[in-house]
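Coordinate inspection notes
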Amino acid sequence: MSPASADVIQGYLSLVLICLALFLLWFVTTIGTRYWQHSGVPYVEGLPVVGNFRDALLMRKSMFDVMDELYGNERVRSSPLFGISKLITPTIVLRDPGLIKQILIKDAAFFCNRTMCTDPHGDPFGYYNLLMIKNPEWRQLRSYLTPSLSLSKIKQMYQLVDQVGSEMVAALDALPQIRPQARETEFKELSARYTTDVIASTFFGIRANCLQDADSEFRHYGRKIFEYGPVRGMTMASFFFMPELVPYLRLKLFPADTELFLRTIIEGEIARREESGQSRGDFIDSLIALKNNNATLGVTEKIPLKGDVLVAQAATFYMASFETTSSVLSFALYELTKNPNIQERLREEVRCIAAKYGPNVPYEALNNEMPYLGMVISETARLYPVLPFLERQCSLPDGATGFKLEPFHEFVVPNKMPVLIPIYAIHRDPKYFPNPHQFDPERFAKENLHQIQPCTYMPFGVGPRTCLGSHFGTLQIKIALVKLLAQYRIERSVSTPETLTYRKNAFTLHSNEGLYAELHEDRLVQEHV
């Protein structure tokens, strides 16, 4: 064989190998879309490698906008469910409220887990918490923690939260006036500092002083959890997009310095309480009781509530409560700024309750005698849910291969398949909420509640895995709104944004714009409520 012929043959072989490599690359990176092509389920075609999340990964759009567009895609909008690709992983998205109810409530035992996970040895803070942990350990941990945030426990913490609310008003009184009786503030930062002080007081028994000191350690480390730079952003994205690789990559839910700070604070306070015998009726007391009870039982298969496992519970509530509550509170204040008629009606309710009880509104009155306050908070949580979706995983007993969705669809969900419920999109679907972009608390009036279809309103989740701290978070928001509206009338400033856009590098709802407004002193009572 001549050298020229050998070169030709070698060239052909190289071309064949290149084509084969490209075919294998295409075959692997399009698994998700090709799966749905043969499933009988309507689907939105994804791209190789990135699936349906290219714009989120490249930070062109927020995850909220990406999921909203998928939900409204004309190929799937008439179906109770549809398929997408989470990178190369086939993922089912639920649209029908009846199907959502079936999955999250009636058959919740098979959809209790989330796909997100981390390593129990390398990241106990991340693993041993209600956000990540899987059954059966999740059920065990939930049963431990539920009494810690019971309504009776929340009532015990009421005075602690109320005190922080008064400190918030005092901090605002100290702001410089831009005009007589008028002060400008930014609600996102105000809400974050307020909720951080609340969590520090009620969960850790510590005065963080974030309202007086913007550089407080608690505020500094709270920011770090939700500030998504390139490295932190990729870490958090990995929990959702590549959970199987997280333990191998040694990624952690909390930044290392934040973890060290929280461990030092919480372990120190637990040790101080145990030595002094002091009790404040807060979350630290509940953790100490759990620790002692767990040790008394001496059952080896139970989750060991000590060390990092114990600290992880307080750290997780710090992260979840701080972010959820401050977000809803800041957006509620923004909508009250934009809707002065709604604000005035709410102020009238505050005026009436203050006239009846004076500056110290009882816990029962706040919860039972202020219906419009609850309506405003519910409508805010509808329009601005903290998360773009609820995320679950089909988790079947050994030997089972799939979960039947009949009578909603003939599709059988394979074991381990991710399931998404796009709550942001559903909350803004005109089919369930007419004029969905309008801020209208009347949707949640007692006489209108029957019009809200079950499993179309899910800001805190639905079913057994609903947010454990939702009642406590709502209490914080109620106290803050009553305190502020009893002291101030809130009006637009030159910096108040007309419309909002959302951060493209966050998995929780953050506006790019500052939520500015002017606070005009207009006391409804002579003393701070």
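So, here is what we can say about the structure in this document. (Residues numbered from 1 in each chain as written. Predicted model: local features only at pLDDT ≥ 70, side-chain atom pairs only at ≥ 80, totals over all residues. Heavy atoms only, no water.)

A few words on the overall build of the protein chain. Along the protein chain, the regular secondary structure elements total 21 helices and nine strands. Taken over the C-alpha trace, the protein chain has a radius of gyration of 26 Å; the compact-globule value for 529 residues is 24 Å, and the two agree within 12%. In the protein chain, which comprises 529 residues, the proportion classed as buried is 55%. A separation of at least 24 residues holds for 72% of the contacts in the protein chain among residues at least 6 apart in sequence. (Helix = DSSP H or I, 4+ residues; strand = E, 2+ residues; numbered from the N terminus. Rg over C-alpha atoms; globule rule 2.2 N^0.38 Å. Buried < 20%, exposed > 50% of the residue type's maximum accessible area, 1.4 Å probe, protein only. Contact = heavy atoms within 4.5 Å.)

Another point: the packing of aromatic side chains. For the structure on display, the rule yields 19 aromatic pairs. Measuring from ring centre to ring centre gives 4.2 Å for Phe 331 and Tyr 384, while their planes differ by 5°; the resulting arrangement is stacked. In this pair, Phe 331 sits in helix 16 (residues 307-338) while Tyr 384 sits in the loop between helix 19 (371-383) and strand 4 (390-393), placing the two residues 53 residues apart along the sequence. Of the two residues, Phe 331 and Tyr 384, neither departs from the other in class, the shared state being buried. Taking 4.8 Å as the distance between ring centres and 55° as the angle between the ring planes, the aromatic pair formed by Phe 444 and Tyr 457 counts as tilted. Taken together, the positions of Phe 444 in the loop between helix 20 (423-427) and helix 21 (470-487) and Tyr 457 in the loop between helix 20 and helix 21 put the pair 13 residues apart, joining distant regions of the chain. (Phe/Tyr/Trp six-rings, centres within 6.5 Å; stacked < 30°, edge-to-face > 60°.)

Turning to the sheet that holds strand 4, a few remarks are in order. A sheet is described by the order of its strands in space; here four strands give the open sequence 1-2-7-4, paired in mixed fashion. A single partner strand is all that each edge strand has here, and the edge strands are strand 1 (81-86) and strand 4. Sheet twist, expressed as the average angle between the axes of neighbouring strands with direction ignored, equals 30°. Pairing between strand 2 (residues 89-94) and strand 7 (residues 418-421): two bridges, direction parallel. Directly across from Ile 92, in strand 7, lies its bridge partner Val 419. (Pairing = 2+ DSSP bridges. Axes fitted to C-alpha atoms, helices over the stretch in contact; angles between N-to-C directions.)

This paragraph deals with helix 10 (residues 187-204). Here helix 10 is 18 residues long and its end C-alpha atoms lie 24 Å apart, about the 26 Å a rise of 1.5 Å per residue gives. The buried count for helix 10 comes to 16 of 18 residues, which makes it a mostly enclosed element. Measuring from the side-chain oxygen of the N-cap residue of helix 10 to the backbone nitrogen of Lys 188 gives 3.0 Å; that N-cap residue is Glu 186. (Expected span 1.5 Å × (residues − 1). Polar contact = N/O pair within 3.5 Å; in protein donor to acceptor, adjacent residues only side chain to side chain.)

Take the side chain of Arg 273 next. Relative to the elements of secondary structure, Arg 273 occurs in helix 14 (residues 256-276). Overall, Arg 273 belongs to the buried group, its relative accessible area being 2%.

Moving on to the pairing of strand 8 (residues 488-491). Judged by which residues are buried, strand 8 turns out to be one-sided: Tyr 488 and Ile 490 face inward and are buried, whereas Arg 489 and Glu 491, on the alternate face, are not. One ladder, built from four bridges, connects strand 8 with strand 9 (residues 516-521); its direction is antiparallel. What sits directly across from Ile 490, in strand 9, is Leu 519.

What follows is about the packing of helix 17 (residues 340-357) against helix 21. Contact pair helix 17 / helix 21: the axes reach a minimum separation of 9 Å and the direction vectors enclose 95°. With respect to helix 21, the element helix 17 is oriented roughly perpendicular. Here Gln 343, Leu 346, Arg 347 and Val 350 of helix 17 come into contact with helix 21, specifically with Val 482, Leu 485 and Ala 486. For the contact of helix 17 with helix 21, the residue count by class is five nonpolar, one polar and one charged. (Parallel < 35°, antiparallel > 145°, perpendicular 65-115°, else oblique. Nonpolar A, V, L, I, M, F, W, Y, C, P; charged D, E, K, R; others polar.)

Looking at the secondary structure, you find Val 76 in the loop between helix 4 (63-71) and strand 1. Residue classification places Val 76 among the buried positions, given a relative accessible area of 0%. Sequence separation between Val 76 and Arg 95 is 19 residues, and the spatial gap between their C-alpha atoms is 9.2 Å. In contact with Val 76, other than residues within four places in its own chain, are Pro 42, Tyr 43, Val 44, Leu 70, Tyr 71, Phe 82 and Arg 95.

The next point concerns the pattern of salt bridges. Following the criterion strictly, the structure yields 25 salt bridges and no others. In this structure, Arg 345 engages Glu 442 in a salt bridge whose closest nitrogen and oxygen atoms are separated by 2.4 Å. Placement of Arg 345 in helix 17 and of Glu 442 in the loop between helix 20 and helix 21 is noted, with a sequence separation of 97 residues between them. Given the relative accessible area of 26%, Glu 442 is considered partly exposed. Among the salt bridges present, the one from Arg 489 reaches Asp 522, with a minimum N-O distance of 3.5 Å. Of the two residues, Arg 489 is situated in strand 8 and Asp 522 in the segment after strand 9; the sequence distance between them amounts to 33 residues. Exposure remark for Arg 489: the relative accessible area of 27% places this residue in the partly exposed category. Look at Asp 522 and you get partly exposed, because its relative accessible area is 28%. Salt bridges linked by common partners bring Arg 54, Asp 55, Arg 60, Lys 61 and Glu 69 together as one network. (Salt bridge = Lys/Arg side-chain N within 4 Å of Asp/Glu carboxyl O.)

Further remarks concern the nonpolar core. Residues Tyr 194 and Ile 421 are the most contacted members of the largest nonpolar core, which totals 140 residues. Sort the elements by how many residues they give to this core and helix 16 lands first, with 15 residues. Those residues in contact with Ile 421 that lie beyond four places of it in its chain are Leu 94, Ile 100, Leu 104, Pro 388, Phe 389, Leu 390, Ile 426 and Met 458. Core analysis: the second largest hydrophobic core is formed by 17 residues, Val 44, Met 67, Ile 84 and Phe 241 among them. (Core = buried A, V, L, I, M, F, W, Y, C linked by side-chain atoms within 4.5 Å.)

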